[in-house]
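Read off the chains here:
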Amino acid sequence: MSDITIKLPDGTQKVMPSDSTALSLASSISRNLAKAAVSAVVDDREVDLSTPLNHGNVVQIITVDSEAGRHVLRHSTAHVMAQAVLQMYPGAKYTIGPAIENGFYYDFDLGDRVFTEDDLSLVEDTMRKIIAANQPFVRSEIPVSEALVLFASQSYKCEIIARVTGGGADSVDNAEVGGSGDSVSIYRNSDEFVDLCLGPHVASTGRLGHFKLQKVSSAYWRGNEKGPVLQRIYGTAWESKAALEEYLHRLVEAERRDHRKLAVELDLLSFPSELGGGLAVWHPKGAIIRKLMEDYSRARHQSGGYQFVFTPHLSNATLFQTSGHLDFYADGMYPPMEMDNGTYYPKPMNCPMHCLIFRGRQRSYRELPLRLFELGTVYRYERAGTLHGLMRIRGFTQDDSHIFCTQDQLQSEIISLLDFVMSVLKAFGFEDFSFHLSTKDPVKYVGSDEIWETATEALVSALDAHGVSYSVKDGDAAFYGPKIDIHVRDAIGRTWQLSTIQCDFNLPERFDLEYVANDGSRQRPIMLHRALFGSVERFFGVLVEHYAGAFPTWLSPVQVRILPVALAHEDYAQAVATTLSAQGLRVDISEASDQLGKRIRTAKLEKIPYVLVVGDEDVSAQTVGVNARGADVERGVSISSFADRVLTEISFSDI
RNA sequence: GCCGGGUUAGCUCAGUGGUAGAGCAACCGCCUUGUAAGCGGUUGGUCGUGGGUUCAAUCCCCACACCCGGCUCCA
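Residues numbered from 1 in each chain as written. Chains lettered and ligands numbered in written order. Predicted model: local features only at pLDDT ≥ 70, side-chain atom pairs only at ≥ 80, totals over all residues. Heavy atoms only, no water.

Help me understand the packing of aromatic side chains, please; the structure alone is not making it clear to me.
If you walk through the whole model with that rule in mind, you get 32 aromatic pairs. Here Phe328 and Phe479 contribute two aromatic rings whose centre-to-centre distance is 4.4 Å and whose plane-to-plane angle is 20°, an arrangement assigned as stacked. Placement of the pair is Phe328 in helix H12 (residues 325-329) and Phe479 in the loop between strand E23 (470-473) and strand E24 (483-489), with a sequence separation of 151 residues. On the basis of relative accessible area, Phe328 is assigned to the partly exposed category, the value being 22%. With 6.0 Å between their ring centres and 65° between their planes, Phe430 and Phe539 make a pair best called edge-to-face. With Phe430 in the loop between helix H14 (407-427) and strand E22 (433-438) and Phe539 in helix H17 (residues 536-547), this residue pair connects regions lying 109 residues apart in the sequence. Judged by relative accessible area, Phe430 falls into the buried class, the value being 0%. Members of the aromatic cluster, joined through ring pairs, are Tyr296, Phe428, Phe430, Phe533, Phe539, Trp554 and Phe652. In this structure, Arg363 packs its charged tip against the face of Phe358, placed 5.5 Å from the ring centre. Its end group placed over the ring of Tyr381, Arg394 keeps NZ or CZ at 4.1 Å from the ring centre. (Phe/Tyr/Trp six-rings, centres within 6.5 Å; stacked < 30°, edge-to-face > 60°. Helix = DSSP H or I, 4+ residues; strand = E, 2+ residues; numbered from the N terminus. Buried < 20%, exposed > 50% of the residue type's maximum accessible area, 1.4 Å probe, protein only. Lys NZ or Arg CZ within 6 Å of the ring centre and 35° of its normal.)

Set out below in structure tokens:
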């Protein structure tokens with residue numbers, strides 16, 4: 001047999017024996033590569049390492065420390081978990097078990113049984129035995145008729161086979177099983193366990209091991225809330241013990257930053273159950289921060305050419321019939337109040353009211369773009385199970401603006417908005433942005449295709465002209481128009497969707513909005529909906545998590561705490577406090593009734609940016625001892641230089 | 001809304017079919033303190049709400065409210 005030539009991703013060619021596999025290729029390159037290899041991409045198809053190679057193949061070896069490699073590892077671990085569960089719970093039906101970001105899950109139908117947290121370690125034990133047995137994953141393709149016999153007792157598998165071979169498969173199905181019409185691929189790793197699967201998998205179960213089962217929950221079969229409820233186990237799996245531990249540490253870190261926990265600890269706000277779910281009350285310290293956020297926002301909008309408006313919390317139902325919201329979102333609105341002069345709803349959004357302001361009198365093209373801004377509080381009856389601290393809440397305040405402009409102004413308006421958004425978010429400490437374009441939902445939309453095309457084109461051309469890169473989310477738009485969502489990355493790498501810019505040709509039509517053009521004709525304005533924080537509450541929650549409660553000085557409820565060493569220094573502490581307060585700083589004093597160490601500790605736990613200690617030396621020298629958050633102690637700093645330093649730190653150049 | 005788990009002092013959490021306990025916090029003393037918990041004492045709870053079972057319910061059962069983990073949803 002003659003040798004074959006294989007191309008590598010870097011363009012080099014390699015001559016191999018004709019019976020070579022992806023694994024032998026890896027071995028021929030280096031021992032370490034062979035050791036790290038979990039799968040390969042051959043001519044753009046992801047395959048097992050055992051796959052035979054052919055002359056001319058382009059082959060990339062996937063290693064376990066890459067995202068693609070971890071994906072294989074996680075998917076294989078999911079198989080082992082399913083194997084363990086089937087072993088331990090006779091009669092269980094297995095459904096699908098994909099790899100996901102950071103891990104995997106598998107969904108089971110256990111009949112009336114449910115998993116408990118205690119089951120997890122038992123399942124883990126069984127998995128470890130399967131891993132220790134080092135069972136090889138063997139792929140085969142079998143005819144559909146044979147597969148239906150093999151999985152005869154597994155109704156979910158039969159359903160998947162029917163969909164894949166019947167042409168009704170979706171991406172979930174296709175990820176589960178390779179279907180070429182009359183055959184399906186399966187992976188078997190022992191006499192007792194076989195699963196429908198596209199693959200690839202690691203060579204054998206012994207390759208796995210750095211995993212942890214995390215939680216049990218439920219999920220709907222195929223995401224359909226009318227369908228069967230399945231039992232899901234989530235797990236995580238990594239290429240090494242260190243990587244697993246690092247990930248688990250990240251989870252602990254995320255928990256430490258949980259805004260719901262910090263809101264209690266720092267006395268920022270609460271969700272009294274007497275109020276009802278998803279409704280918050282802001283305590284004084286939280287309110288200070290919120291007010292500063294709002295003040296900053298107002299200042300930026302003021303200088304950004306916005307006009308401030310206010311609108312009520314209630315409206316007659318006819319308004320929301322006109323806007324179309326009642327047709328689409330009646331379920332998400334608080335129920336109507338029947339009054340003697342009509343039916344009223346708490347407002348779920350501000351835009352219809354801003355339309356009324358625009359329509360309040362005749363408008364000229366000279367007024368455009370007209371930018372109306374409001375910190376508008378809205379109420380949405382979010383389903384009970386979806387509430388989540390400040391991130392998903394039923395009463396919230398949008399930093400909401402509606403910009404009415406001409407077709408000609410649209411692109412430049414969007415471009416300047418992109419700058420405005422980033423500039424405002426940067427002030428709150430976010431540096432890393434990503435952009436996402438959402439296009440028309442094929443079902444939930446109003447307006448003609450032409451209008452949608454024009455609007456989408458406007459957003460695309462603005463994004464292109466601005467020069468930012470973006471991803472596209474098909475079908476994710478609001479019912480009235482396409483949108484750009486802006487996500488930020490936080491201090492521990494998580495992303496949050498905050499800002500949104502939505503292009504709307506529909507509401508102007510529904511409200512019959514017009515302006516007089518320079519030729520005297522009546523024209524329809526285009527409307528942009530946009531919010532930067534999104535919701536003040538949610539943005540606040542994100543800030544808490546981003547800073548782990550240690551807000552930057554300008555936002556801290558208490559900026560400076562003064563600790564007199566002993567009783568004798570309290571007068572001096574008071575004098576320092578008066579001096580700093582007079583310069584606009586938020587200062588308090590912790591009296592000498594407790595030991596200094598304890599007061600330091602308390603102040604640190606409250607994450608106060610500056611703790612000043614004053615004792616005999618400071619009284620005589622008119623200085624303070626400065627403990628800046630996260631920094632070493634500085635003794636003998638003059639009061640004025642401390643004040644200058646903090647005032648410089650908290651000043652803004654852009655307002 | 002669905003599945004599962006919860007709700008005990010301001011906070012974090014023990015505990016029991018015979019109406020409850022710790023630590024921290026708060027308050028009162030003592031100590032007068034130079035960088036992450038000094039000492040002693042006191043106060044504080046209709047055991048989420050409403051029904052039921054029981055001689056007796058915080059505990060067992062039911063309903064509801066709220067919270068948590070997911071699913072679904074998110075104008």
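Still to come is the rest of the account.
What's the story with the pattern of salt bridges in this structure? I'm lost.
In the structure shown here, the tally under the stated rule is 35 salt bridges. Arg489 is the salt-bridge partner of Asp432, the closest N and O atoms lying 3.3 Å from each other. With a gap of 57 residues between them, Asp432 in the loop between H14 and E22 and Arg489 in strand E24 connect regions that are remote in the sequence. Classification of Asp432 by relative accessible area gives partly exposed; the value is 37%. (Salt bridge = Lys/Arg side-chain N within 4 Å of Asp/Glu carboxyl O.)

Explain the protein's contact with RNA strand B here, please?
Close to RNA strand B lie 54 residues; Ser217, Tyr220, Arg392, Arg601 and Asn627 are nearest. Counting only atoms of RNA strand B within 4 Å of the protein, the fraction found in sugar and phosphate groups is 47%. Here a phosphate oxygen of RNA strand B sits 2.7 Å away from a polar atom, N or O, in the side chain of Lys598. Within the side chain of Asn627, a nitrogen or oxygen atom sits 2.5 Å from a base oxygen of RNA strand B. Of all the elements in the fold, those that place two or more residues in the surface near RNA strand B are strand E12 (211-220), strand E13 (229-237), H12, helix H19 (596-605), helix H20 (616-621) and strand E33 (633-638). Class assignment of the residues belonging to the surface near RNA strand B gives a composition of 20 nonpolar, 19 polar and 15 charged. (Near = heavy atom within 4 Å. Polar contact = N/O pair within 3.5 Å; in protein donor to acceptor, adjacent residues only side chain to side chain. Nonpolar A, V, L, I, M, F, W, Y, C, P; charged D, E, K, R; others polar.)

Help me understand the environment of Asn189 in this model?
Examined against the element boundaries, Asn189 turns out to sit in the loop between strand E10 (183-188) and strand E11 (194-196). In contact with Asn189, not counting residues within four places along its chain, are Gln83, Ile130, Gln135, Pro136, Phe137 and Thr205. Side-chain polar atoms of Asn189 contact the side chain of Gln83, separated by 2.6 Å. (Contact = heavy atoms within 4.5 Å.)

Got a minute to help me understand the packing of helix H10 (residues 284-303) against H14 in this structure?
Each pair of packed helices can be summarised by the angle the axes make with each other and by the distance between the axes. Interhelical geometry of H10 versus H14 gives an angle of 150° and a closest axis separation of 11 Å. It follows that H10 is roughly antiparallel to H14 by the angle criterion. For the pair H10 and H14, the sense of crossing is right-handed. Counting all contacts with H10, which are made through Tyr296, Arg300 and His301, the residues of H14 involved are Phe420, Ser423, Val424 and Ala427. Classifying every residue of the contact of H10 with H14 by side-chain character gives four nonpolar, two polar and one charged. (Axes fitted to C-alpha atoms, helices over the stretch in contact; angles between N-to-C directions. Parallel < 35°, antiparallel > 145°, perpendicular 65-115°, else oblique. Left-handed = near helix turned anticlockwise from the far one by under 90°.)

How should a nonpolar patch on the surface be read in this particular structure?
On the surface, a nonpolar cluster with roughly 260 Å² of combined accessible area is contributed by Leu314, Met337 and Met339. Positionally, Met337 belongs in strand E18 (residues 337-339). Take Met337: its relative accessible area is 32%, and that puts it in the partly exposed class. (Patch = residues over 30% accessible without salt bridge, like charges linked within 9 Å, V, L, I, M, F, W, Y side chains within 5 Å. Areas by Shrake-Rupley, 256 points an atom, 1.4 Å probe, with all protein chains shown as cover.)

Teacher, can you tell me more about the side chain of Ser438 here?
Inspection of the secondary structure assignment puts Ser438 in strand E22. For Ser438, a relative accessible area of 0% puts it in the buried group. With residues near it in sequence (within four places) discarded, Ser438 still touches Lys473, Asp476, Ala477, Pro482, Lys483 and Asp485.

Is there a simple way to explain the sheet that holds E24 in this structure?
Taken in spatial order, the eight strands make up an open sheet running E16-E20-E21-E28-E25-E24-E22-E23, and their pairing is mixed. Strands at the two margins of the open sheet, each flanked by one partner only, are strand E16 (307-308) and E23. Contacting E22, E23, E24 and strand E25 (495-504), helix H15 (residues 449-466) crosses the sheet at an angle of about 160° to E22. (Pairing = 2+ DSSP bridges.)

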